[in-house]
Amino acid sequence: MKMDDEEKILRFLGLASRAGAVESGFDAVAGAIVKKKVELLIISRDISRNTLNKLLDLSNKNEMPSRAYSFSTMEDLGFAIGKPARTLVAVTDQGFANKLASMLDAFEYKEEEN
């Protein structure tokens, strides 16, 4: 069985999580943003308007990570890292963030072609 690209990204995110390179959930991600520890931010496509507004307020007060992606669902993001549904996932390790960014860039490019 061949894995699709979304599943590959989610599995790699799970690997990053097991390596201790991921913060998830609004409060943990907000704390990591304030401490400037976020290398890459993943925002679920089904984030609520309220949570998104809180994130935008936070971004106005702090320098946000330059790499932020809208990807997958909160259920799938949570499942990938072994947690309940998560709307926000921050990658704090540069190596994992670089690899995920290249995977997400390729994924977004393929989606635009369809």
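Residues numbered from 1 in each chain as written. Predicted model: local features only at pLDDT ≥ 70, side-chain atom pairs only at ≥ 80, totals over all residues. Heavy atoms only, no water.

Novice: Hey, could you run me through the side chain of Asn62 in this one?
Specialist: Along the chain, Asn62 turns up in the loop between helix 3 (49–61) and strand 3 (68–70). Once residues lying within four places of it in the same chain are set aside, the contact partners of Asn62 are Ile33 and Val34. (Helix = DSSP H or I, 4+ residues; strand = E, 2+ residues; numbered from the N terminus. Contact = heavy atoms within 4.5 Å.)

Novice: I tried to follow the nonpolar core on my own but got confused; where do I start?
Specialist: The nonpolar side chains of a soluble globular protein tend to be buried with one another. Among the nonpolar cores identified, the biggest contains 23 residues, and Leu13, Leu40, Ile42, Phe71 and Val91 are the most heavily contacted of them. For this core, the leading source of residues is helix 5 (residues 94–113), giving seven residues. Formed by 12 residues, the second largest nonpolar core is a distinct cluster that contains Ile33, Ile43, Leu58 and Ala90. (Core = buried A, V, L, I, M, F, W, Y, C linked by side-chain atoms within 4.5 Å. Buried < 20%, exposed > 50% of the residue type's maximum accessible area, 1.4 Å probe, protein only.)

Novice: Just to check I follow, could you spell out the packing of aromatic side chains for this structure?
Specialist: The geometry of two aromatic rings is summed up by the distance between their centres and the angle between their planes. Tallying each qualifying case throughout the model produces two aromatic pairs. Ring centres 5.5 Å apart and planes at 55° place the aromatic pair Phe12 and Phe96 in the tilted group. Here Phe12, found in helix 1 (residues 5–18), pairs with Phe96, found in helix 5; they are 84 residues apart in sequence, far enough to count as distant. Given the relative accessible area of 18%, Phe96 is considered buried. Consider the rings of Phe71 and Phe107, whose centres lie 5.3 Å apart with planes at 85°: the pair is edge-to-face. (Phe/Tyr/Trp six-rings, centres within 6.5 Å; stacked < 30°, edge-to-face > 60°.)

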